[in-house]
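# Breakdown of the fold
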2 protein chains.
Amino acid sequence: MNIFIDAMGGDHAPYEIVKGSVEAVNEFGVQLTLVGPTDIVKKELEQWDYPEEQIKILHADSVISNDDEAALSIRRKTDSSIVVGIKAVKESENGVFISAGNTGAVLSGGLLLLGRIKGIKRPALGATLPTESGLALLVDTGANTDCKPEYLQQFAQIGSIYMENMYNINNPKVVLINNGTEEKKGNALTKEAYQLLKNTPVNFVGNIEGRELLTTDASVLVCDGFTGNIALKTLEGTSKVIMENVKNAIVSNTVGKIGGLLIKNNLSTLRSKFNYKEYGGAPLLGVKGGVIKSHGNSNAYVIKRTIQQGMKFAEAKVVEKITEELTDINKTI
Amino acid sequence: MNIFIDAMGGDHAPYEIVKGSVEAVNEFGVQLTLVGPTDIVKKELEQWDYPEEQIKILHADSVISNDDEAALSIRRKTDSSIVVGIKAVKESENGVFISAGNTGAVLSGGLLLLGRIKGIKRPALGATLPTESGLALLVDTGANTDCKPEYLQQFAQIGSIYMENMYNINNPKVVLINNGTEEKKGNALTKEAYQLLKNTPVNFVGNIEGRELLTTDASVLVCDGFTGNIALKTLEGTSKVIMENVKNAIVSNTVGKIGGLLIKNNLSTLRSKFNYKEYGGAPLLGVKGGVIKSHGNSNAYVIKRTIQQGMKFAEAKVVEKITEELTDINKTI
């Protein structure tokens, strides 16, 4: 297992990234490599107590910022933490790269530097949702804004392999996100994808609407990357606005404030249940190596959780499983 | 003003529909026509006190159910409450038809029986969202699952006319729902639509992401009908799940229950703020007459609110305004 962390990626880098990495080392006993300018990373590390042999530094001179154009910066900034980190994954056994930096650059880096697994048409970005029956992977959430039906078919396949191996879900249920539950519903893309999914060796159980994203008992929720992005961000935005409004409603008068104190613990449990960051970052699935995109505003806790996810990703050998099973699946289709 | 209500449409018809209509008559002094089988509607009306001359019955023998195929049922069930009601709008001055019945049939009925306003490429279904700065119209929310960029351009125009005339919003801000805020972001559709919108006589201010649906200060949120459906239902589903979880978190222990009693009033105000049904139904914009689709599970209160919206729609002469301004706009583009 070789886990590389982009020390310079995200709104709170390098401080929170390095802090979260140290916490992961202390809590999980994992060995990590921080990627970034040696002097900066070293200085950050000096603040913390941890077994020193557990954290290595891989030097990278520059940083790709959020303003940099994704694909271009991967080609030009070859000494950036993202490029150096992803190249390190390529050259290592069972490697995983974690970054809270420029999403487009992390995606492009994964695609361009690692390359697609044989048979994969389009790698996809997943996001883990907390549903009422467990966890579900929403895939794609932004790697492919314009999709063909065959891409959605493959998202179902790689999503199933991910959920099966990461969370030991046997024969995970797959649904297609659509504007109606009936088979005939949909736009041109989902109508065709539905027909393909019926004849794909996954446990496809039909369509769900947007309102079922958090209540579905399926483990893999398939859509194109544009729709996935809209759905995920609508979900995030709505839960944020409502939780804030609940808070404001409580403190709007004295009686409410007293009531609020009494339910404080219950609400904080709830808040962490709907905090998508609790479930780690977004895995890029279908490339020849592990790449996990952590939220841009990740703090140390989120980074620690994403490292835990990365460890699971490496242990479960997700890349190897996709490579093997896609070959088998392609034979049977 | 001629307001026709489908007495037989929706999960709670005819009881809640007739009750809501009676309440609207008593509260707003409006004159209404209930459309449905005369004997059934008459019997429902007998339960209530209201000035009898204020409610007429327009006989319709049959009902289009939710299982009926939309376009087909409009052509075949010519004696249904939806067909009879929409035809009545066509033959009346400033008419509005309100139905909580089969959405597809209401849409098809509006399109086939009323026809498009001259210059309108695709009529669209709007939905009113409660944003932090007021109300916003999400358009399209399901009339057009596959769109061309020019359709989105027109949604911006008719949405602006609607918001301007219904809510007296001067030069309403228009945004495009997209997978990123930067101009270059998007799928093939939104990238092209962005360029068109820049050169359209509306107050276009750029892209918003899904997470800003409830916090935007724009009044018109433009997207294709598939995306709008996913966004709207994700928003509805998420707020429902979170409010239920808040409730459960509160009652999960005794201390929480006491706290819950103290904040009960504050939370119920909040609940109605995020109850999309408070804001009436979804107007079908771009056809030659008023058609408003009320939620399938509308109760009397929601029907009353939708009738209020229908009254405003007629008073503001929305259809006339779209007809006039579209002609002007088309001249200037």
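Before any of the text, the structure's been laid out above.
Just so we're clear, the structure is a prediction, and the values are computed from it rather than from any experiment.

This part takes up a nonpolar patch on the surface. Side chains of Ile258(A), Leu262(A), Val255(B) and Ile258(B) sit close together on the surface and give an oily, nonpolar patch of about 320 Å² of accessible area. Residue placement: Val255(B) occurs in helix H9 (residues 254-273).

So, about the packing of helix H9 (residues 254-273) of chain A against helix H8 (residues 225-251) of chain B. The geometry of H9(A) relative to H8(B) is characterised by a closest axis approach of 8 Å and an angle of 140° between their N-to-C directions. Here H9(A) is positioned oblique relative to H8(B), judged by the angle of their axes. In the crossing of H9(A) with H8(B), the sense of the turn from one axis to the other is right-handed. Taking contact as the criterion, the partners of Ile263(A), Asn266(A), Leu267(A), Leu270(A) and Lys273(A) in H9(A) are, on H8(B), Asn245(B), Val246(B), Ala249(B) and Ile250(B).

We now examine the sheet that holds strand S8 (residues 203-208) of chain A. What links the strands of a sheet is backbone hydrogen bonding, and the strands pair in either a parallel or an antiparallel sense. Residue and element names in this part refer to chain A. Strand order in the open sheet formed by 11 strands is S3-S2-S1-S4-S11-S10-S5-S6-S9-S7-S8, and the pairing between neighbours is mixed. Two strands close off the open sheet at either side, each with one partner strand: strand S3 (55-59) and S8. Going from strand to strand, the sheet's axes swing by 30° on average, the running direction of each strand aside. Across the sheet, helix H1 (residues 15-28) is in contact with strand S1 (2-6), strand S2 (32-36) and S3; its angle to S2 comes to roughly 170°. Across the sheet, helix H4 (residues 81-90) lies against S1, S2, S3, strand S4 (95-99) and strand S11 (290-293), angled at about 160° from S4, the strand it touches most.

Residues and elements named next belong to chain B. Counting buried residues in strand S2 (residues 32-36) gives 5 out of 5 residues, a clear majority hidden from the surface. Alternating positions in S2 separate into two faces, Leu32, Leu34 and Gly36 on one and Thr33 and Val35 on the other, with burial throughout. As judged from the 4 bridges shared by strand S1 (residues 2-6) and S2, these two strands associate in the parallel manner. By the bridge assignment, Phe4 is partnered in S2 with Thr33. With helix H1 (residues 15-28) bridging S1 and its parallel neighbour S2, the resulting β-α-β unit is right-handed. Of the pairings in the sheet, the one linking S2 to strand S3 (residues 55-59) comprises 5 bridges and is parallel in character. Bridging across to S3, Thr33 finds its partner in Lys56. Handedness of the β-α-β unit built from S2, helix H2 (residues 38-45) and S3 comes out right-handed.

With that settled, the discussion passes to the interface of chain B and chain A. Taken together, the contact between chain B and chain A spans 52 residues of the former and 52 residues of the latter. Here chain B packs against chain A, burying approximately 4300 Å² in sum over the two surfaces, 67% of which is carbon and sulfur. Ranking the residues of chain B by area buried against chain A places Arg211(B), Phe226(B) and Ile242(B) at the top, with a combined share of 14%. Counting the contacts that link chain B with chain A gives 4 salt bridges. With a shortest N-O distance of 3.4 Å, Glu236(A) and Arg211(B) are connected by a salt bridge. Counting every contact that joins chain B to chain A gives 8 residue pairs in polar contact (both at pLDDT 80 or more).

This next bit is on the sheet that holds strand S7 (residues 173-177) of chain B. Residues and elements named next belong to chain B. Spatially, the 11 strands line up as an open sheet ordered S3-S2-S1-S4-S11-S10-S5-S6-S9-S7-S8, and their pairing is mixed. Lying at the two open borders of the sheet, with one neighbouring strand each, are S3 and strand S8 (203-208). Sheet twist, expressed as the average angle between the axes of neighbouring strands with direction ignored, equals 30°.

Another point: helix H5 (residues 103-114) of chain B. Residues and elements named next belong to chain B. Given a rise of 1.5 Å per residue, 12 residues ought to cover 16 Å, and the 16 Å separating the end C-alpha atoms of H5 matches this to within 8%. Along H5, the residues classified as buried are Ala105, Val106, Leu107, Ser108, Gly109, Gly110, Leu113 and Leu114. Against the buried residues of H5 lie helix H3 (70-76), helix H4 (81-90), strand S4 (95-99), strand S5 (124-131), strand S10 (282-285) and strand S11 (290-293). Two to three positions downstream of the cap, the backbone nitrogen of Gly104 sits 3.0 Å from a side-chain oxygen, assigning the N-cap of H5 to Asn102. Of the residues flanking the end of H5, it is Gly115, one or two places downstream, whose phi is positive at about 85°.

Time to look at the side chain of Ser80(B). Mapped onto the fold, Ser80(B) is located in the loop between H3 and H4. Excluding residues that lie within four positions of it along the chain, Ser80(B) makes contacts with Ala60(B), Ser62(B), Val63(B) and Ile64(B).

What follows covers the pairing of S5(B). Residue and element names in this part refer to chain B. Most of S5 is tucked away: 8 of the 8 residues are buried. Side-chain alternation along S5 places Ala124, Gly126, Thr128 and Pro130 on one buried face and Leu125, Ala127, Leu129 and Thr131 on a second face that is also buried. Bridge analysis of S5 against S10 gives 2 bridges, and the strand direction is antiparallel. Bridging across to S10, Ala124 finds its partner in Leu285. In terms of strand pairing, S5 meets strand S6 (residues 134-139) through 6 bridges, oriented antiparallel. Bridge pairing links Ala127 to Leu138 in S6. The antiparallel hairpin formed by S5 and S6 contains 2 residues in its connecting segment.

A separate point is the packing of aromatic side chains. Residues and elements named next belong to chain A. Tallying each qualifying case throughout the model produces 8 aromatic pairs over all chains. Taken together, a centroid distance of 5.1 Å and an interplanar angle of 80° make the contact between Tyr194 and Phe204 edge-to-face. Residue Tyr194 is found in helix H7 (residues 188-198), and its partner Phe204 is found in strand S8; the two are separated by 10 residues along the sequence. In this structure, Tyr194 and Phe204 share a single accessibility class: buried. Following the ring pairs from residue to residue traces out a cluster consisting of Tyr162, Tyr167 and Phe313.

Quick notes on the rules
Residues numbered from 1 in each chain as written. Chains lettered and ligands numbered in written order. Predicted model: local features only at pLDDT ≥ 70, side-chain atom pairs only at ≥ 80, totals over all residues. Heavy atoms only, no water. Patch = residues over 30% accessible without salt bridge, like charges linked within 9 Å, V, L, I, M, F, W, Y side chains within 5 Å. Areas by Shrake-Rupley, 256 points an atom, 1.4 Å probe, with all protein chains shown as cover. Salt bridge = Lys/Arg side-chain N within 4 Å of Asp/Glu carboxyl O. Helix = DSSP H or I, 4+ residues; strand = E, 2+ residues; numbered from the N terminus. Axes fitted to C-alpha atoms, helices over the stretch in contact; angles between N-to-C directions. Parallel < 35°, antiparallel > 145°, perpendicular 65-115°, else oblique. Left-handed = near helix turned anticlockwise from the far one by under 90°. Contact = heavy atoms within 4.5 Å. Pairing = 2+ DSSP bridges. Buried < 20%, exposed > 50% of the residue type's maximum accessible area, 1.4 Å probe, protein only. Right-handed = clockwise from strand over helix to strand, strands pointing away. Buried area = accessible area lost by both parts, 1.4 Å probe. Polar contact = N/O pair within 3.5 Å; in protein donor to acceptor, adjacent residues only side chain to side chain. Expected span 1.5 Å × (residues − 1). Phe/Tyr/Trp six-rings, centres within 6.5 Å; stacked < 30°, edge-to-face > 60°.

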